[in-house]
Amino acid sequence: MTRLKKVLPWMAVLAALGLLGGCANLCGVEKAPPQAPPPPPAVKKWSPPKPAPVTEKPAPAPALPTTYTVEKCDDLWSISAKPQIYNDPWLWCLIYNANKDKIKDPNKLKVGTVLTVPRSISDADKADARKCSMKFPKYMPPKGAKRYCPPK
């Protein structure tokens, strides 16, 4: 009997909890019905991009310079080798012949001198310039000269 006295209160507690749990279903507390998953996003149909409008004339090529201002450490060889000038160092004689009044020695150029770059030249003129540049010795600074030219 003493055992029953000890177990009886626990049984009453369990019965009360069972009734409360069961009452929740009967007393109007309902679970929300499961919601349907959202529809998948609409798939856009691929369409090719619109082509760029066609122009009647192509864009003009950038004009090549007709003058060049001498910078520090420039010589005729390096000037004529520049892509915007001739892209060929052997054509330095063309620049020299066009600027004889400004250049006394083709190996020594003054910084700031504005040189004319001839543009209307023929293949024969180019061949003559290459022959001229092969005859003329390239400038070699004297031994012990301190001439620093930073790379460009």
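Every value quoted in this text rests on a predicted model; they were computed, and no experiment measured them.

Some details on the overall build of the chain
Inference 1: When helices and strands are tallied, the chain shows four helices and two strands.
Inference 2: When the elements of the chain are put in sequence order from the N terminus, they spell out α-β-α-α-β-α.
Inference 3: Buried residues in the chain amount to 17% of all 152 residues.
Inference 4: Taking the contacts inside the chain whose residues are at least 6 apart along the sequence as the reference set, 61% of them involve residues at least 24 apart.
Inference 5: Accessible surface computed for the chain: about 13200 Å², of which carbon and sulfur atoms make up 64%.

Thoughts on a nonpolar patch on the surface
Inference 1: A surface patch of nonpolar side chains, amounting to about 480 Å² of accessible area, comprises Trp10, Val13, Leu14 and Leu17.
Inference 2: Considering the arrangement of structural elements, one finds leucine 14 in helix α1 (residues 2-26).

Examining the packing of aromatic side chains
Inference 1: Scanning the entire structure with this criterion turns up two aromatic pairs.
Inference 2: Where tryptophan 77 meets tryptophan 90, the ring centres are 4.9 Å apart and the plane angle is 75°; that geometry is what we call edge-to-face. One end of the pair, tryptophan 77, is in helix α2 (residues 76-81); the other, tryptophan 90, is in the loop between α2 and α3 (92-98), and 13 residues separate them in sequence.
Inference 3: You can call tryptophan 77 partly exposed: its relative accessible area is 27%.
Inference 4: Seen in terms of ring centroids, tryptophan 92 and tyrosine 96 are 6.4 Å apart; in terms of plane orientation they differ by 55°. Their pairing is tilted.

Conventions we followed
Per chain, residue numbering runs from 1 following the sequence as it is written. Residue-level local features of this predicted model are given only where pLDDT is at least 70; pairs of side-chain atoms are given and counted only at 80 or more, and the full residue set underlies all totals for whole chains, interfaces and linings. Computation of side-chain values: all heavy atoms of the structure, hydrogens and water removed. Helix numbers and strand numbers start at the N terminus; a helix is a DSSP run of H or I with at least 4 residues, a strand a run of E with at least 2. Residue exposure (1.4 Å probe, protein chains only): buried if accessible area is under 20% of the type maximum, exposed if over 50%, otherwise partly exposed. In this description, contact between two residues means that some pair of their heavy atoms is separated by no more than 4.5 Å. Areas reported as accessible are Shrake-Rupley estimates using a 1.4 Å probe. Residue values count occlusion only from the protein chains shown. Residues enter patches when they are more than 30% accessible in relative terms and free of salt bridges; like-charged ones are connected within 9 Å and nonpolar ones (Val, Leu, Ile, Met, Phe, Trp, Tyr) within 5 Å. A side-chain nitrogen of Lys or Arg and a carboxyl oxygen of Asp or Glu constitute a salt bridge if their distance falls within 4 Å. Here a Phe, Tyr or Trp ring, Trp counted by its six-membered ring, pairs with any other such ring whose centre lies within 6.5 Å, and the pair is stacked when the planes are under 30 degrees apart, edge-to-face when over 60, and tilted otherwise.

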